[in-house]
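Notes for the structure review
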Amino acid sequence: MRVLLRQMIGFALGFALLNILLGISNLHRSSRGNHTCGGINCDIPAAEAERSSSSSSGSIHRRRLEFVHVTKTGGSTIERAALSVGVRWGACHFYDEDICDTPFASSDTPRNTTVKGKDGGESPWHLPPWVFEGLAKYFKGNPYEGADLFIVTRNPYSRVISEYYCPWVGKRSDDVKVLNHWVEEMLRKVNPEGLHRKLEGLRDGAGGDGSFILHTKHLIPQVEYVFESDGKTRLVPEENTLHFENLAVEFPKLLARYSMDRWVQLPAKKVNVGKNKTLTHRDLYPATVKLINDFFRRDFEEFGYTMVDSFDEEGGTPYSFESNGV
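Report follows, based on the coordinates.

**Here's the deal with the overall build of the protein chain**
Assigned secondary structure in the protein chain consists of 14 helices and five strands. The buried share among the 326 residues of the protein chain stands at 45%. A sequence separation of at least 24 residues applies to 66% of the contacts in the protein chain between residues at least 6 apart. Surface accessibility of the protein chain: about 17100 Å² in total, with carbon and sulfur atoms responsible for 52%.

**Notes on helix α3 (residues 75–83)**
Counting buried residues along α3, eight of its nine residues qualify, which places the element largely inside the surrounding structure. Residues Gly75, Ser76, Thr77, Ile78, Glu79, Ala81, Ala82 and Leu83 constitute the buried set of α3.

**Quick word on the sheet that holds strand β3 (residues 64–68)**
Strands sit in the order β3-β4-β5 across an open sheet of three strands; the sheet is parallel. Every other strand in the sheet has two partners, leaving β3 and β5 (241–243) as the edge strands with one partner each. Going from strand to strand, the sheet's axes swing by 30 degrees on average, the running direction of each strand aside. Direction of pairing for β3 relative to strand β4 (residues 147–153): parallel, over a ladder of five bridges. Directly across from Leu65, in β4, lies its bridge partner Asp148. Packing of helix α12 (residues 247–257) onto the sheet brings it into contact with β3, β4 and β5, and relative to β5 it is tilted by some 155 degrees.

**Remarks on the packing of aromatic side chains**
Counting across every chain of the model gives 12 aromatic pairs. Between Trp89 and Phe150, the ring centres sit 5.1 Å apart and the planes meet at 65 degrees, which makes this aromatic pair edge-to-face. Linking Trp89 in the loop between α3 and α4 (97–100) with Phe150 in strand β4, this pair joins segments that are 61 residues apart in sequence. The burial state of Trp89 is the same as that of Phe150; both residues are buried. Among the aromatic residues, ring-to-ring pairing joins Tyr157, Phe300, Phe311, Tyr319 and Phe321 into one connected group. Over the aromatic face of Phe227 sits the side chain of Arg298, whose NZ or CZ is 5.1 Å from the ring centroid.

**Quick look at unusual backbone geometry**
Unlike most non-glycine residues, Lys72 shows phi in positive territory, near 60 degrees. Along the chain, Lys72 turns up in the loop between β3 and α3. By relative accessible area, which is 17% here, Lys72 ends up buried. Even without being glycine, Ser259 reaches a positive phi, approximately 55 degrees.

**Focus: the nonpolar core**
Membership of the largest hydrophobic core comes to 52 residues, with the highest contact counts inside it found for Tyr157, Ile292 and Phe296. Put simply, the parts of the chain that give this core at least two residues each are α6 (129–135), β4, α7 (156–164), α8 (176–187), α9 (192–203), α11 (223–226), α13 (286–295) and α14 (297–303). Here this core takes five residues from α8, the largest share from any one element. Core analysis: the next-biggest nonpolar cluster, separate from the first, contains 17 residues, Ile78, Leu242, Phe251 and Leu255 among them.

**Considering the pairing of β3**
In terms of residue burial, β3 counts as a mostly covered element, since five of its five residues are buried. On β3, burial covers both faces: Arg64, Glu66 and Val68 on one face and Leu65 and Phe67 on the other are all buried.

**Examining α7**
The α-helix winds at 3.6 residues per turn, so residues separated by three or four positions along the chain end up facing the same way. In terms of burial, α7 is a largely internal element, nine of the nine residues being buried. Turning to α7, its buried residues number three or more, namely Pro156, Tyr157, Ser158, Arg159, Val160, Ile161, Ser162, Glu163 and Tyr164. Among the structural elements, α8, α13 and α14 are those in contact with the buried residues of α7. Near the N-terminus of α7, the side chain that reaches the backbone nitrogen of Tyr157, with its oxygen 2.9 Å away, is that of Asn155.

**What about the packing of α8 against α13?**
Their axes nearest at 10 Å, the elements α8 and α13 cross at an angle of 30 degrees. What the angle tells us is that α8 and α13 run roughly parallel. Note that α8 runs across α13; the crossing there is left-handed. Each of Asn180, Val183, Glu184 and Leu187 in α8 lies in contact with α13, whose residues at this interface are Thr288, Leu291, Ile292 and Phe295. The residue makeup of the contact of α8 with α13, split by class, is five nonpolar, two polar and one charged.

Thresholds applied
Residues numbered from 1 in each chain as written. Predicted model: local features only at pLDDT ≥ 70, side-chain atom pairs only at ≥ 80, totals over all residues. Heavy atoms only, no water. Helix = DSSP H or I, 4+ residues; strand = E, 2+ residues; numbered from the N terminus. Buried < 20%, exposed > 50% of the residue type's maximum accessible area, 1.4 Å probe, protein only. Contact = heavy atoms within 4.5 Å. Areas by Shrake-Rupley, 256 points an atom, 1.4 Å probe, with all protein chains shown as cover. Pairing = 2+ DSSP bridges. Axes fitted to C-alpha atoms, helices over the stretch in contact; angles between N-to-C directions. Phe/Tyr/Trp six-rings, centres within 6.5 Å; stacked < 30°, edge-to-face > 60°. Lys NZ or Arg CZ within 6 Å of the ring centre and 35° of its normal. Core = buried A, V, L, I, M, F, W, Y, C linked by side-chain atoms within 4.5 Å. Polar contact = N/O pair within 3.5 Å; in protein donor to acceptor, adjacent residues only side chain to side chain. Parallel < 35°, antiparallel > 145°, perpendicular 65-115°, else oblique. Left-handed = near helix turned anticlockwise from the far one by under 90°. Nonpolar A, V, L, I, M, F, W, Y, C, P; charged D, E, K, R; others polar.

In short, geometric facts, not functional conclusions.
Right, here's the structure in full:
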């Protein structure tokens, strides 16, 4: 009888100890949260999660942060930095994981899409958010919905030069005449107002018309991404509108406001950077400069970049690409 009693007491104590251990395990597990990061779930240390949800500081945001990717503004580098810690932004919402982990140049076919019209289906992450809203039904969902958006803008002069050297849409010639002819050819195909109407048609299901800019999403004015279709209502808050020229300073500050600065960092090496660039803004003819000014006028005005008539800098002050608002 005593042996049986000792066995029963031992069993009871063992069972109690097991419950205590399970309780500790569950408590530890509950101290870590499943937080939505860029459209996926990722585990954040408890202290970081607590900081993210705190309302004691006006600098801390609760909503998910999402990236709006304008071409030739360092977007691929930002997407790669986020992906390295498990956050999907931009193109990584549309690529399969094995493709997204390799250079984006390997494919231009987004996953799980039956979108009608090639102009909407190609590189949908380069569409303005208000346009993508009309096409979201063809995809798994809308990554911009319910999120705070951020964007990187760039001086139109340097952006045009970068587009010229882009392997997807530009040329590989260092001939000044070829550069100026290419810019003229691209920007004379459609004016900003006509392009806006084409974007509205794409949003409303009219499909693309095969136009080069609409198909590739390159050279779309940056204001189309920051504002709603009315051109007045902001989609991207002013404090979330970064500048390519000052990205190393502004990007960490943005991340700090969303408690992401401890685990998302820009890599030392940029992604999708053109090599052996010889031509610069100084090689743009005055007539070409005027075309750029006219086409991207609102970009200059809204984002604080300086417009000039020409780049005759000899003996004068060198042109500054930085925004006046920086």
